[in-house]
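Summary of structural features
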Amino acid sequence: MAVTKQGIFAAVAGLLLLQSAQAAVLPEDRADLLFHNYAGDDSTFKGPSILVRKQFKETVSAWANYYVDMNSAASIDVVTQGSPYEEVRDEASIGFDYLYNKTILSASTKVSDENDYFAESYSLGLSQDFFGDMSTFTMGYSHGADDVYQNIRDGNGADDIIGRTFFGNAKHQRFSVGWSQIFTKNWIVSFNGEASVDEGFLRNPYRSVRYVSADDGTSVDASSEPENYPTTRSSQAYAIKSMYFLPWRAALRAEYRGFNDSWDIVASNYEFRYIHRYKEDWIFELRYRYYDQTQASFYRDLYDFQEQFEFRASDKELSTFNNTAIGFGATYEFDTNWIGWIDRATVNLYVDRINYQYENFLDKRVSAAPGSTVNPGEEPAFEFDATITRFFLSIWY
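Residues numbered from 1 in each chain as written. Predicted model: local features only at pLDDT ≥ 70, side-chain atom pairs only at ≥ 80, totals over all residues. Heavy atoms only, no water.

**Some details on the overall build of the protein**
Regarding its fold elements, the protein presents three helices and 18 strands. Its C-alpha atoms give the protein a radius of gyration of 23 Å, near enough to 21 Å, the size a compact globule of 397 residues would have. Across its three principal axes, the protein shows a C-alpha extent of roughly 75 × 45 × 40 Å. Looking at the 397 residues of the protein, the share that counts as buried comes to 40%. When contacts within the protein are restricted to residue pairs at least 6 apart in sequence, those whose partners lie at least 24 apart make up 60%. As displayed, the protein has an accessible area near 20400 Å², and 58% of this comes from carbon and sulfur atoms. Put simply, the protein has 35 plus and 56 minus side-chain charges, and the middle of one group is 7 Å from the middle of the other. (Helix = DSSP H or I, 4+ residues; strand = E, 2+ residues; numbered from the N terminus. Rg over C-alpha atoms; globule rule 2.2 N^0.38 Å. Buried < 20%, exposed > 50% of the residue type's maximum accessible area, 1.4 Å probe, protein only. Contact = heavy atoms within 4.5 Å. Areas by Shrake-Rupley, 256 points an atom, 1.4 Å probe, with all protein chains shown as cover. Lys, Arg positive; Asp, Glu negative; His and termini not counted. Charge placed at Lys NZ, Arg CZ, Asp CG, Glu CD.)

Below is the structure:
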C-alpha cells in the first residue's frame, strides 16, 4: 500500500479501466485518452495512455490499453546514492470480458518494459450476480514475472547507459475475492480482500544503506553497503467501501483499507469523497485521504556497523510514514449531436495534492552538504509535497 512510482501509475492507468457497478452488464463501447503528471521530490513522471473497448455480439467486450511513463528523477534517493536520470517505460495490455447469463468471465495480459526492468503478467476474474441482482460476488487471480537489471553508466549525463547487469527474477501472485451488496435504492456497500505472494529478487539494485564507520564521540562518519531483502513476502489487504446517494443529486463515498505483510508492515488508509452533479453537464468531486504505515522489521535509516543484520533496507517506502491527500475533480459532458458516431463524451480533470511525512527516514542531504556540521543520523525527518494531475477525454460510441 505504500505509494511507489509504479504503484502511483498503476492506479492512474486503472482509472481508465473502471467498469459498471452492475457485474452482469458488459462495459459500454468506449475510448479514453489520458495524460497524467506526477511532480514531487524533485521528480516528474508523466505521459499519455489510451484505452479502447468494444463489444461483440452482446456477449464479449474486448479492450486494449497502451501507456507511456516518462520519468525524470532527482529525488533524495537519487541525489544521495547516484545521479539524476531520465527513462521511459512502455506498457501494453489487452483483455476481454465474456457475459453468460449473470456471470462475467474476464482475462487479460500485460507487458511493461523499461531500460532496467521488464515485467509481464496475466489475470483471470469472475463476477456473479445473486438475489435479484442485489448482490455481486467477485474473485480473481493474477500471476506476474519480472526481470530486474542494473544499468551501467559512464557518468557523463542522464542518458549515458553503456550496458546493464542482470540481477534476478521476481514472481508475484495475487488472489482476490469481493462482495457488493445493494441494501437500499440509495446505499451500496462492498467488501474486498486480497492475498499476495512475492518471491525472488524484491529489492532495488541501485539502493544502499548507511552504517556508522567511525565515531569519535563528537563526529560520526558513515559508509554504505547494498541493501539485502528477504526473497519472499506474503501480504494481506482488505477494504470496505460504502456509497450513499443523497436526494439533491449528490453522493457520499467512504472507504477503509487495511494491509499487513510478513515484513511486519501494517498500514491503514481512510478516504472520503463528496460527488455532486451541477445542472446536466457538470459533475464535481472533492476527496480527502489519509494513509499511515509502520516500518518493515529490517528497516533502519542508519545501522550501527557494517552487516549489522542479514537483511537491511533504507527505502523510505519501508519506513514509518504517513501522507495526506486532498483532491478535486471535474467532469463536463459536452454536446455530440454534430458527430453521428459518438453517443456521448466527457472531458475530465482530477488534481490531488499530497503531503508526505516520514518519521524515521532522515534527510541525508543535510549531513552530505559541503561544510555541514550535522552528523549522519542527526538530520531532520524527510518530508515533501507532490501534485498528481490526470486529464482525460472519454468517448462512448
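**Some words on the packing of aromatic side chains**
Enumeration according to the criterion identifies 28 aromatic pairs in this entry. Each ring, one from Phe-130 and one from Phe-131, has its centre 6.1 Å from the other, and the planes form 45 degrees; the classification is tilted. According to the relative accessible area criterion, Phe-130 is partly exposed, its value standing at 33%. Three or more aromatic residues joined by ring pairs make a cluster, and in this case those are Tyr-291, Phe-321, Tyr-356, Tyr-358, Phe-361, Phe-382 and Phe-384. Between Arg-164 and the ring centre of Tyr-149, over which it is positioned, the NZ or CZ distance is 3.8 Å. The ring centre of Trp-396 lies 3.8 Å from the NZ or CZ of Arg-344, which sits over that ring. (Phe/Tyr/Trp six-rings, centres within 6.5 Å; stacked < 30°, edge-to-face > 60°. Lys NZ or Arg CZ within 6 Å of the ring centre and 35° of its normal.)

**Quick look at the pairing of strand 10 (residues 208-215)**
Of the strand pairs in this sheet, strand 10 and strand 11 (residues 220-226) are connected by seven bridges, and their pairing is antiparallel. Along strand 11, the bridge assignment pairs Val-212 with Ala-222. Hairpin connection of strand 10 to strand 11: four residues between the antiparallel strands, including Gly-217 at a positive phi of 95 degrees. (Pairing = 2+ DSSP bridges.)

**Digging into the layout of surface pockets**
Volume-wise, the second largest pocket comes out at about 240 Å³. Lining the second largest pocket are 15 residues, with Thr-80, Arg-210, Ala-222, Lys-364 and Ala-368 positioned closest to its centre. Where the lining of the second largest pocket is concerned, the elements lending two or more residues are helix 2 (76-81), strand 10, strand 11 and helix 3 (364-368). Across the lining of the second largest pocket, the residue classes tally to five nonpolar, seven polar and three charged. (1 Å grid on protein atoms, 1.4 Å probe; cavity = no way out; pocket = protein on both sides within 12 Å on 5 of 7 lines; lining within 4 Å. Points joined across faces, edges and corners; volume = space filled by probe spheres on them. Nonpolar A, V, L, I, M, F, W, Y, C, P; charged D, E, K, R; others polar.)

**What to know about the environment of Gln-357**
With respect to the secondary-structure elements, Gln-357 resides in strand 17 (residues 344-362). Measuring from C-alpha to C-alpha, the distance between Gln-357 and Phe-382 comes to 6.7 Å, with 25 residues separating the pair along the chain. Among residues more than four places away in sequence, those in contact with Gln-357 are Phe-321, Asn-322, Phe-382 and Glu-383. Among the polar contacts made by the side chain of Gln-357, one reaches the side chain of Asn-355 at a distance of 3.0 Å. (Polar contact = N/O pair within 3.5 Å; in protein donor to acceptor, adjacent residues only side chain to side chain.)

**Looking at a nonpolar patch on the surface**
Taken together, the side chains of Phe-96, Tyr-98, Tyr-100, Leu-105, Leu-126, Met-139 and Val-177 define a hydrophobic patch exposed on the protein surface, amounting to about 630 Å² of accessible area. At three residues, the largest contribution of residues to the nonpolar patch is made by strand 4 (residues 85-100). One can find Leu-105 in strand 5 (residues 103-114). (Patch = residues over 30% accessible without salt bridge, like charges linked within 9 Å, V, L, I, M, F, W, Y side chains within 5 Å. Salt bridge = Lys/Arg side-chain N within 4 Å of Asp/Glu carboxyl O.)

**Looking at the nonpolar core**
Residues Tyr-38, Ala-296, Phe-298, Leu-318, Tyr-356, Tyr-358 and Phe-384 are the most contacted members of the largest nonpolar core, which totals 24 residues. Those elements giving two or more residues to this core turn out to be strand 16 (321-334), strand 17 and strand 18 (381-396). (Core = buried A, V, L, I, M, F, W, Y, C linked by side-chain atoms within 4.5 Å.)

**Points about the environment of Ala-345**
Take Ala-345: it is sitting in strand 17. For Ala-345, a relative accessible area of 0% corresponds to the buried category. For the pair Ala-345 and Phe-191, spaced 154 residues apart in sequence, the C-alpha to C-alpha distance is 31 Å. Not counting residues within four places of it along the chain, the set of residues in contact with Ala-345 comprises Tyr-332, Glu-333, Phe-334, Thr-336, Ser-394, Ile-395 and Trp-396.

**Observations regarding the pairing of strand 9 (residues 187-200)**
Pairing of strand 8 (residues 161-184) with strand 9, which is carried by 14 bridges, proceeds in the antiparallel orientation. Across the sheet, the residue bridging to Ser-176 is Glu-194, located in strand 9. As consecutive antiparallel partners, strand 8 and strand 9 are separated by two residues. Of the strand pairs in this sheet, strand 9 and strand 12 (residues 232-246) are connected by 13 bridges, and their pairing is antiparallel. Following the sheet pairing, Val-189 is matched in strand 12 by Ser-242.

**Overview of the side chain of Thr-331**
With respect to the secondary-structure elements, Thr-331 resides in strand 16. Overall, the relative accessible area of 11% leaves Thr-331 in the buried class. A distance of 2.9 Å separates the side chain of Thr-331 from the side chain of Asn-348, its partner in a polar contact. Dropping the residues within four chain positions of it, Thr-331 is found in contact with Asp-281, Trp-282, Ile-283, Thr-346, Val-347, Asn-348 and Tyr-350.

**Examining unusual backbone geometry**
A negative phi holds for most residues other than glycine; trans holds for most peptide bonds. Despite not being glycine, Asp-42 shows a phi value in the positive range, around 55 degrees. Note that Asp-42 resides in the loop between strand 1 (30-40) and strand 2 (43-56).

**With respect to the environment of Gly-258**
Tracing the backbone through its elements, the reader meets Gly-258 in strand 13 (residues 250-261). Linking Gly-258 and Asp-292, residues 34 residues apart in sequence, is a C-alpha distance of 10 Å.

Honestly, it's all geometry; don't read function into it.
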